[in-house]
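# Summary of structural features
Chain by chain, the residues:
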Amino acid sequence: MPASVPRHDQAQREAEALEFLHLYHTETGQPGLRQRQADLYRDGHLTLSTQELTFGARVAWRNSTRCVGRLPWQTLRVNDLRHVTAHDEVFTHLLAHLRGALNGGRILPTMSVFGPGVRIHNDQLIRYAGYRQPDGRVTGDPQNAALTDYLRGLGWRGGPGTFFDVLPLAIEAQGQIRLFDLPANATCEVRIEHPTCPAIGELGLRWHALPVISNMTLEIGGESFQAAPFNGWYLQTEIAARNLTDEHRYNLLPAVATALGLDTRTRRSLWVDRALLELNVATLHSFDRDGIRIADHHAVTRQFRHFETLEARAGRAVRGRWSWLLPPMAPATTPLWDRTYDDHEVRPNFTAQPPAWQVARPGVCPFHH
């Protein structure tokens, strides 16, 4: 046992590894459980095979209590890139991930697992800048103002200053942090237009097609992988009922209401609800127009109930965080409204990483690389 690993942590890692091996061999029917247990006892840790890594990543998705889109968990493609630890190679594979997962619009759930020492400091591979202005306002996405400040401190000069400037990636590898600009042909953005209200299209709204989460640590069998970006496809309410509309984000409902010609003098006119509905209509219309896969909140919640049925047949309990599973739009019309779930987290799973700019990094000054 390495001297740097406390005995109780080592015991916990071994227990998680044994539990994972039992799960893997039980569910897949693969032989060799006793040999893998012997490997664990000999080495003191579990070195996952590519097959075990793939299975563990899929089960981590299956166990994700905040995800309502878990039905296709068995289709997750996993790129085993644990041998990749150099900045340029990491970036090359991230571009391949973005293009391969997009799949011409027929989005494929994909994960890329990189080697030790690699970390992506952005919370998603594609994010829009938030530029702080002297009067306190933010141009772009206010949620990303701190990330934008951090990247500028690393040397990024900023983009043209629009509301939708794509941020560069900050990749940490081999003890150093480097910035990489994403080319336009790797981001695939969708212009938001309404099928019957041209004035909404004139607002110049857009959103990127592929949500690739990159700030979660993948936990499998006592092993942790800090660089394991993964994607599914968007649910339209994520874009049109949160990202573009939350008051602390783009806060665009007043502009959409004006484009629709609604009376915004009093909320009793329900202009907020009507604007929200039509922006969701516009988002679904625009993604469909461009042939980009996107889910809607009615279909995905019905699919989640089917996921529950399949899991029950397999003898597995479905855990979930109700407040995350319900859509932020018309939740009472979905089949999850009256459901209850145990939100206890089990592994394999994903754990959130604190933002890089909030982590003490002894011996490393990220602003001078």
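Here the residue index of a chain counts from 1 through its sequence in written order. Predicted model: local features are reported for residues with pLDDT of at least 70 only, side-chain atom pairs are reported and counted for 80 or more only, and whole-chain, interface and lining totals are derived from all residues. Hydrogens and water molecules were not included; the side-chain quantities draw on all heavy atoms of the structure.

## Focus on helix α8 (residues 253-260)
Here is the rule we go by: Each residue's exposure class comes from its accessible area (1.4 Å probe, protein chains only) as a fraction of the maximum for that residue type: buried when under 20%, exposed when over 50%, partly exposed otherwise. Helix and strand assignments follow DSSP, with helices taken as H or I runs no shorter than four residues and strands as E runs no shorter than two, numbered in order from the N terminus. The arc in question is the one traced by the directions running from the helix axis out to the C-beta atoms. In this description, contact between two residues means that some pair of their heavy atoms is separated by no more than 4.5 Å.
When we look at burial in α8, the residues that qualify are Leu-253, Val-256, Ala-257 and Ala-259. The arc that holds every buried residue of α8, seen down its axis, measures 160°, which confines them to one face. The inward-facing, buried residues of α8 abut α6 (198-201) and α9 (271-290). Just downstream of α8 lies Gly-261, where phi reads positive at about 75°.

## Thoughts on the sheet that holds strand β11 (residues 216-220)
As a general point, the strands of a sheet are linked pairwise by backbone hydrogen bonds and lie either parallel or antiparallel. Just so we agree on the cut-off: For two strands to be treated as a pair, DSSP must find no fewer than two bridges joining them. Comment: axis = line fitted to C-alpha atoms, over the contacting stretch for helices; angle = value between 0 and 180 degrees taken between N-to-C directions.
Pairing within the open sheet is antiparallel, and its 3 strands lie in the order β12-β11-β14. Two strands in the sheet have a free side with no partner beyond their single neighbour: β12 (223-225) and β14 (349-352). Taking each pair of neighbouring strands and ignoring which way they run, the sheet shows an average axis angle of 30°. Bridge count between β11 and β14: 4 bridges; the pairing is antiparallel. Its bridge partner lying in β14, Met-216 is registered against Ala-352.

## Brief notes about the layout of surface pockets
What counts is decided by this rule: Computed over the protein atoms alone on a 1 Å grid, cavities are sets of points where a 1.4 Å probe fits but cannot get out and pockets are open sets with protein on both sides within 12 Å along at least five of seven lines; a residue lines them when it has an atom within 4 Å of a point. Grid points are joined across faces, edges and corners, and a volume is the space filled by probe spheres set on the points. Here the term charged refers only to Asp, Glu, Lys and Arg, the term nonpolar to Ala, Val, Leu, Ile, Met, Phe, Trp, Tyr, Cys and Pro, and the term polar to all other amino acids, Gly among them.
Of the pockets and cavities examined, the second largest pocket occupies roughly 470 Å³. Among the secondary structure elements, those contributing two or more residues to the lining of the second largest pocket are α1 (7-28), α3 (50-62) and α10 (297-313). Considering each element in turn, the lining of the second largest pocket owes the most residues, 7 residues, to α1. Taken together, the residues that form the lining of the second largest pocket break down as 9 nonpolar, 6 polar and 9 charged.

## As for the pattern of salt bridges
Quick reminder of the rule: Any Lys or Arg side-chain nitrogen located within 4 Å of an Asp or Glu carboxyl oxygen qualifies as a salt bridge.
By the definition in use, this model includes 27 salt bridges. With its nearest N and O atoms 3.0 Å apart, the salt bridge here joins Asp-123 to Arg-127. Of the residues examined, Arg-127 reaches a relative accessible area of 8% and is grouped as buried. Between Arg-191 and Glu-193 there is a salt bridge, with its nearest N and O atoms 2.6 Å apart. Residue classification places Glu-193 among the partly exposed positions, given a relative accessible area of 27%. Here the salt bridges do not stand alone but share partners, grouping Arg-36, Asp-39, Arg-42, Asp-43 and Glu-52 into one network.

## Concerning the pairing of β11
Within β11, 5 of the 5 residues are buried, which leaves it mostly tucked inside the rest of the structure. Along β11, one buried face is formed by Met-216, Leu-218 and Ile-220 and the opposite face, lined by Thr-217 and Glu-219, is buried too. Where β11 and β12 come together, 3 bridges link them in antiparallel fashion. Paired with Ile-220 across the two strands is Glu-223, which belongs to β12. The turn linking β11 back onto β12 is made up of 2 residues, and Gly-221 within it adopts a positive phi angle of 55°.

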